[in-house]
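These are the residues of each chain, in order.
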Amino acid sequence: MKSASQLKLGEKVVIKNIDSSHPSSRRLLEIGFTPGQEIELINSSVFNDPMAFSIRGTLIALRRNEAGCIKVE
Amino acid sequence: MNLPATARSPLITLVGPPNSGKTTLFNYLSGNNFKTVNYPGATVEYSLGKFQSKFSLKAILLDSPGIVSLIPNSPDEVVAVKSLYSHPELGPPDLIIVTVDASQLSRHLLLVSQLKKSNFRIVIALTMVDILQRKKLAIDTIKLGELFSCDVVKIDGRSGKGVDNLISKVENIFSSMNHKSTESTRANFCNDTNDLIDTFNKIEKIEAEVLINLVDPSQLPNISKANKQLRILIDPKSKIECNKIDARTLKIDRILLHRIWGLVTFFAVMTLTFTSIFWLAEPLISVVDSLFSLLSSESLKLFGYGWFGDLVANGIISGTGSILVFVPQIIILFLILGLLEDTGYLARGAMLIDKPLSKIGLNGKSFVPMLSGFACAIPAILATRTIPNRRERLLTIFIIPLMSCSARLPVYALLLAFILPSDKSWLGGFLLASIYIFSIVASAIIAGIINKLRNKLIKEEDNSSFILELPAYRIPKFKVVIHNTITSTTSYLRKAGPVILTLSLFLWMLTSFPNINPSIDKTGLTKDEILNLTKAERLSTSYAADLGKIIQPIMTPIGMDWRVGVSLIAAFAAREVFVSSLALIFKVTSDETTLQNSIVSAMRNATVEDTEQKLFTASTIIGLIIYFIFAMQCLSTIAVSRKESGGWRIPILQILIFTAAAYVFTFISVNGLRALGWD
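## Digging into the confidence of the model for chain B
Atomic detail in the predicted coordinates should be set aside for any region of low pLDDT.
All names here are of chain B.
Then step 1. Of all residues in chain B, 86% have pLDDT values of 70 or greater, and the mean over the chain is 81.
Then step 2. Within the model, pLDDT remains below 50 along residues 1-6, and this stretch shows 13 contacts once partners closer than five positions in the same chain are excluded.
Then step 3. For residues 229-238, every residue scores under 50 in pLDDT, and the model assigns this stretch 11 contacts once sequence neighbours within four places are set aside.

Here you go:
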């Protein structure tokens, strides 16, 4: 399944689920990365890591590794 | 320990997610009237205050650390959440004011609904309404209040707008409240993620109900009156609108987070910050410096030249001076950091630097503390509290003393003046920059090595993560920034001041006793010469000198003798004391234009005792520079490091590793240079 870490700049997708085996998964849910939400890759730092996503009207920077546990449709 | 709720003023706790304007509101409500305390047995910090007298509200106000949810995620959050339910000393709160960023309703209402589930009595303080308006949206506070059955107030903690309304709501609650405070029961939030998703689904419905699409922005000022009429105009798209990112922020980020321009701006901002820390502070530092020299010499005249006068002049006044001399730099540092933070740029800087820092076991969030380390390690170590991962925080604390703090500057200036030919003084700036770059590279290498050995040295298993909200850009409010600068500076002075002063008094004793009134041959000497000779004699027969002679065998291999050793011991009070102590021990009299020139010429003439061999040569001076780059030469840093890391492990490792590194590298460079014939 495709994950948020594979998005291209400006690509909008809907979150399918969060890989619950990742240690950051609950924190990601708590800050709003819930299934059904639309996210967009807004910016990414040099080396594509960290990446900044728009979620629920704000920008959140995540490490590539953490974005990897956000599975998208 | 719990006081019954009736026996004390009511306790109001401020709760809110990071970036929700919680601390800004706290500062506005409490004025300067608060103290920062640690939870018992933890390094988690909170502020305790009273309401400013103009609000005439008698209550204890507690600012808790920012939390995203009531399910703790780190050891620090466990402490924060536990104390929210029942504070170890103050008991459960009578009322919680929860700050909610109106422009991020769906994210911030999670905490509200969890607080509600736990049966807390709450008031919602809606912040950032201006950003919501920029998105052409308004919020129906009455509806929101009905849905959560609590009061909702729009506030702006930066200008104070709406705060009076908040206060009157709080007063109403208190007057109608029966004094038997309702026991908040800790709702059992299970780790089940479906539960969270459910809560979010409910919140999204609430959000859709309370957000109003502003059809006509010209009606903004009358929004509360217009609410009822506007409700019929609710646009079904309002949810989508509120999930749009602030357009201005996106535009600015297109440059500031750009792959190339982002890095260019980042380095430009950093360079500017650095240069201003040094150049803006320099005139202020010399004012403080000369003020304290004046005070010192005046008090010597006043109290006489005996031990008491010396204690006042060189112990107390110089000790206080050595704390205050860094205040200009610290103020400028906090001012710049505050401005950068208030605009929203600091979070971007942390994001840009996260990748390289994670390679050496640090975190993007280590960046601000490390930057502060170039002014002074003490506020820098205090700033590491924002790093959630404990292992990364300990490694950041560990590495901070290697940042070239401003106390090293006078030492480098003196040493560079010695090796530079006077006609090539322009080289000084270049060499100084090289020292800085060298120290950055060296600290990165050391952090990398420690990180490789991490399980042996820093035993903390924590999930390394970097999740950071990039707040919308805002024009900074200078009043708020200046207020925060003053608070941080006074907090630095309160924390570091007593430690530094005690240590400088201790070192004064070491360098003055037992021979406080040495007998010297005064014939044919002027008053000043007698004074200088007395000081020099006192130091060279002091306990510090005895210590210096004990460490002589250690100093010899690196080409130095006990007199340098004494100065190095004295420099433990503060690194720049090295300069004045050298001046004392080489019996420098200010017959040249500046003190620095006099010390340099005295150093040029100094020979290794009982020989003709020159003590200071290019190789020993370069060795000393190397020594100061690495050595953990600051007792106050050791004290703060112990306190903030919660034990002796980190400071002892710092002393051992940095001192060993300093000694070995000095040994290699001195003897290497001599072998190359570059003496």
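## Concerning empty space enclosed by the protein
Residues and elements named next belong to chain B.
Then step 1. A complete count under the given rule lists 6 cavities of 30 Å³ or more for this structure.
Then step 2. By volume, the largest cavity is sized at about 160 Å³.
Then step 3. The wall of the largest cavity is formed by 18 residues, among which Phe 326, Cys 376, Ile 378, Ala 407 and Cys 634 lie closest to the centre.
Then step 4. Each residue belonging to the lining of the largest cavity can be placed in one class, and the counts come to 13 nonpolar, 4 polar and 1 charged.
Then step 5. Two domains each provide a minimum of three residues to the lining of the largest cavity, namely domain 2 (261-414 + 467-496) and domain 3 (501-675).

## Some thoughts on the interface of chain A and chain B
Then step 1. Opposite the 34 residues of chain A that make contact, chain B presents 44 residues.
Then step 2. Taken together, the two surfaces of chain A and chain B that pack against each other cover about 3500 Å², and 56% of this comes from carbon and sulfur.
Then step 3. On the chain A side of the interface with chain B, the three residues burying the most area are A:Arg26, A:Arg56 and A:Arg63, jointly 21% of the side's total.
Then step 4. The tally of links between chain A and chain B comes to 3 salt bridges.
Then step 5. Counting every contact that joins chain A to chain B gives 17 residue pairs in polar contact (both at pLDDT 80 or more).
Then step 6. When the residues that make up the side of chain A that touches chain B are grouped by side-chain class, the tally is 16 nonpolar, 11 polar and 7 charged.
Then step 7. Bridge analysis of strand E4 (residues 58-62) of chain A against strand E10 (residues 467-470) of chain B gives 4 bridges, and the strand direction is antiparallel. Counterpart to A:Ile60 in the pairing with E10(B) is B:Glu469.

## A few points about the environment of B:Ile381
All names here are of chain B.
Then step 1. With respect to the helices and strands, Ile 381 occurs in helix H17 (residues 377-382).
Then step 2. Residues Ile 381 and Val 640 lie 259 residues apart in sequence; the distance between their C-alpha atoms is 7.2 Å.
Then step 3. Those residues in contact with Ile 381, other than ones at most four positions away along the chain, are Ile 397, Ile 400, Thr 637, Val 640, Ser 641 and Glu 644.

## Remarks on the nonpolar core
The nonpolar side chains of a soluble globular protein tend to be buried with one another.
Then step 1. B:Phe398, B:Val564, B:Phe578, B:Met603, B:Phe616 and B:Phe630 are the most contacted members of the largest nonpolar core, which has 120 residues in total.
Then step 2. Each of domain 2 (261-414 + 467-496) and domain 3 (501-675) of chain B gives at least three residues to this core.
Then step 3. Discounting chain neighbours no more than four positions away, the residues touching B:Phe398 are B:Ile446, B:Ile450, B:Ile650, B:Leu653, B:Gln654, B:Ile657 and B:Phe658.
Then step 4. Among the nonpolar cores identified, the runner-up in size contains 57 residues, and A:Cys69, A:Ile70, B:Ile139 and B:Leu144 belong to it.

Cut-offs used in this document
Residues numbered from 1 in each chain as written. Chains lettered and ligands numbered in written order. Predicted model: local features only at pLDDT ≥ 70, side-chain atom pairs only at ≥ 80, totals over all residues. Heavy atoms only, no water. pLDDT = per-residue confidence, 0-100. Contact = heavy atoms within 4.5 Å. 1 Å grid on protein atoms, 1.4 Å probe; cavity = no way out; pocket = protein on both sides within 12 Å on 5 of 7 lines; lining within 4 Å. Points joined across faces, edges and corners; volume = space filled by probe spheres on them. Nonpolar A, V, L, I, M, F, W, Y, C, P; charged D, E, K, R; others polar. Domains from an automatic or database assignment. Buried area = accessible area lost by both parts, 1.4 Å probe. Salt bridge = Lys/Arg side-chain N within 4 Å of Asp/Glu carboxyl O. Polar contact = N/O pair within 3.5 Å; in protein donor to acceptor, adjacent residues only side chain to side chain. Pairing = 2+ DSSP bridges. Helix = DSSP H or I, 4+ residues; strand = E, 2+ residues; numbered from the N terminus. Core = buried A, V, L, I, M, F, W, Y, C linked by side-chain atoms within 4.5 Å. Buried < 20%, exposed > 50% of the residue type's maximum accessible area, 1.4 Å probe, protein only.

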